[in-house]
Amino acid sequence: MTADRDAPEQIVWQGKYVVAKTRGRWEYVGRTRNIRAAVILALIEDDVILIEQYRVPMGRNCIELPAGLIGDEDGGENEDDLTAAGRELEEETGYRAGKLEDCGSYYSSPGMVSESFTLVRATQLQQVGPGGGTESEDIAVHRVPRAELASFLERKRGEGCGVDVRLLLLLGQDILSGETK
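Okay, so let's go over this structure. (Residues numbered from 1 in each chain as written. Predicted model: local features only at pLDDT ≥ 70, side-chain atom pairs only at ≥ 80, totals over all residues. Heavy atoms only, no water.)

Some details on the sheet that holds strand S3 (residues 26–31)
Within the open sheet, the three strands sit side by side as S1-S2-S3. Their pairing is antiparallel. Strands at the two margins of the open sheet, each flanked by one partner only, are strand S1 (9–14) and S3. Put simply, the sheet's adjacent strands are angled 30° from each other on average, direction ignored. For S1 and strand S2 (residues 18–23), the ladder comprises five bridges, and the chain directions are antiparallel. Bridge pairing in S2 links Trp13 to Ala20. (Pairing = 2+ DSSP bridges. Helix = DSSP H or I, 4+ residues; strand = E, 2+ residues; numbered from the N terminus. Axes fitted to C-alpha atoms, helices over the stretch in contact; angles between N-to-C directions.)

Set out below in structure tokens:
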């Protein structure tokens, strides 16, 4: 392991947003310019706001927490995590948060991807628009009672949707107690 840790990092391929690298025996990907993401846990009372959108790598729709890149626009390299989270929440869902809280930084799949994200809790939501994302996105917004989340996800799986791993955040206690799949 030490040999891999001390080996030089090499770029194998780089696109506009993604870079593939090697270090010793390891192959992994990351974001160019070390861009991070903001993932938003948007809550209205006992409901959670989820989005559904087509994901090309999966070849199907996916149910997710709202999210977006931080500082990905030219000139926005120093964008604040909470500012980006508020912008993405409104763009994707049509909701504006009265309160945004930084819940820490996390890694999605650290054995394969170097990308990190900041988890942001959004509360005091007010609907200010339709959501749906930008012109290049086709996002459906779902307001789901937390008590019905497991059955909602099971129904969406039955429709062929994938489910983002971050939803384990909301299902965790039920999974630990054996109450859900």
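That covers the picture; the talk isn't over yet.
Let's talk about the pattern of salt bridges
Counting across every chain of the model gives 15 salt bridges. Where Asp4 meets Arg25, a salt bridge forms, and the shortest distance between an N and an O atom there is 2.6 Å. With Asp4 in helix H1 (residues 2–6) and Arg25 in the loop between S2 and S3, this pair connects stretches of sequence that are 21 residues apart. The exposure class assigned to Arg25 is exposed, which follows from its relative accessible area of 67%. (Salt bridge = Lys/Arg side-chain N within 4 Å of Asp/Glu carboxyl O. Buried < 20%, exposed > 50% of the residue type's maximum accessible area, 1.4 Å probe, protein only.)

With respect to the layout of surface pockets
Think of a ball as big as a water molecule: rolled over the atoms, this probe shows where empty space is left. Its boundaries defined by the atoms lining it, the largest pocket holds a volume of some 1500 Å³. Taken together, 40 residues line the largest pocket, and the ones lying closest to its centre are Arg31, Gln53, Arg55, Glu64 and Leu69. Residue assignment for the lining of the largest pocket shows that the elements contributing at least two residues are S3, strand S4 (36–44), strand S5 (47–55), strand S6 (60–64), strand S7 (67–70) and helix H2 (81–93). For the lining of the largest pocket, the per-class residue count stands at 17 nonpolar, eight polar and 15 charged. As for the second largest pocket, its lining consists of 17 residues, and the residues nearest its centre are Glu9, Arg23, Tyr28, Pro110 and Ser114. When contributions to the lining of the second largest pocket are tallied by element, the ones reaching two or more residues are H1, S2 and S3. (1 Å grid on protein atoms, 1.4 Å probe; cavity = no way out; pocket = protein on both sides within 12 Å on 5 of 7 lines; lining within 4 Å. Points joined across faces, edges and corners; volume = space filled by probe spheres on them. Nonpolar A, V, L, I, M, F, W, Y, C, P; charged D, E, K, R; others polar.)

Side note on unusual backbone geometry
Backbone geometry at Glu45 places phi at a positive 50°, although glycine is not the residue there. Examined against the element boundaries, Glu45 turns out to sit in the loop between S4 and S5. Judged by its relative accessible area of 72%, Glu45 is exposed. Phi is positive for Gln124, close to 55°, though the residue is something other than glycine. By secondary structure assignment, the location of Gln124 is in strand S9 (residues 116–127). Given the relative accessible area of 55%, Gln124 is considered exposed.

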